[in-house]
Amino acid sequence: MKKKRDVSSYEGDDLAHYEALIKCMEDIKSKMSNAADALNASEVANVAAATHIADISSDAAGRDLKLRSLTENSRELKLIDEALERLARGEYGRCQSCGEMIPEGRLRIRPHAVYCVKCKTQIEKEQKG
Ligand SMILES: [Zn+2]
């Protein structure tokens with residue numbers, strides 16, 4: 001069985017990528033716990049304001065949005081996990097579609113990017129089409 005790579009063995013670019021991924025993960029986790037808190041708070045408010053029909057429907061819309069963003073965030077977390085695994089295998093930063101290296105500038109904005117911009121655009125086009 002392959003031993004999981006120790007964090008202390010990361011250096012240079014790998015270490016920078018590792019730190020960017022961890023930071024991104026923490027950002028998303030804190031966003032998620034804020035959203036979960038807001039969700040509970042708005043549900044409490046919902047019950048309290050049960051006589052104001054208009055308020056309830058706008059609250060419900062806000063709730064949907066928050067649920068959607070929670071789902072979105074947990075998907076992002078999974079992508080970060082996968083990126084960390086690729087980093088451990090020494091495959092980090094490679095587009096999973098065409099195999100080209102993803103430009104450093106793109107990784108800085110989105111450290112858990114799976115595809116280069118070209119493939120991403122292509123995939124999104126296919127999903128829509
Ligand atoms: Zn690509």
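Our structure's up above, just so we're on the same page.
Parameters and conventions
- Each chain carries its own residue numbering, running from 1 in the written order of its sequence.
- In keeping with the predicted nature of the model, local features appear solely for residues at pLDDT of at least 70, side-chain atom pairs appear and are counted solely at 80 or more, and the whole-chain, interface and lining totals rest on all residues.
- Secondary structure elements follow DSSP: runs of H or I no shorter than four residues count as helices, runs of E no shorter than two count as strands, and numbering proceeds from the N terminus.
- Counts of 20 or more other C-beta atoms within 10 Å of a residue's own C-beta define buried residues, counts of 12 or fewer define exposed ones, and intermediate counts define partly exposed ones; C-beta atoms are placed from the backbone.
- Note on terminology: a nonpolar core is any set of buried Ala, Val, Leu, Ile, Met, Phe, Trp, Tyr and Cys residues joined through C-beta atoms within 7 Å.
- Placing C-beta atoms from the backbone, we regard two residues as in contact once those atoms come within 7 Å.

Participant: Sorry, what's going on with the overall build of the protein chain here?
Facilitator: Per the secondary structure count, the protein chain includes four helices and zero strands. Counted from the first residue to the last, the protein chain has its helices and strands arranged as α-α-α-α. Evaluated residue by residue, the protein chain yields a buried proportion of 11% over its 129 residues.

Participant: Would you explain the nonpolar core in this entry?
Facilitator: Most often, soluble globular proteins keep nonpolar side chains buried together rather than apart. Formed by Tyr18, Leu21, Ile80, Ala83, Leu84, Leu87 and Tyr92, the largest nonpolar core amounts to seven residues. For this core, the secondary-structure elements that each account for two or more residues are helix 1 (12-48) and helix 2 (53-89). The greatest single-element share of this core, amounting to four residues, is contributed by helix 2. In this structure Ala83 touches Leu21, Tyr92, Pro111 and His112, once residues within four positions along its chain are discounted.

Participant: Would you explain the environment of Gly93 in this entry?
Facilitator: Locating Gly93 in the fold gives a position in the loop between helix 2 and helix 3 (104-109). Overall, Gly93 belongs to the buried group, with 21 C-beta atoms counted inside 10 Å. C-alpha of Gly93 to C-alpha of His112: the two residues are 19 residues apart in sequence and 8.4 Å apart in space.

Read these as layout, nothing more, since geometry by itself doesn't imply function.
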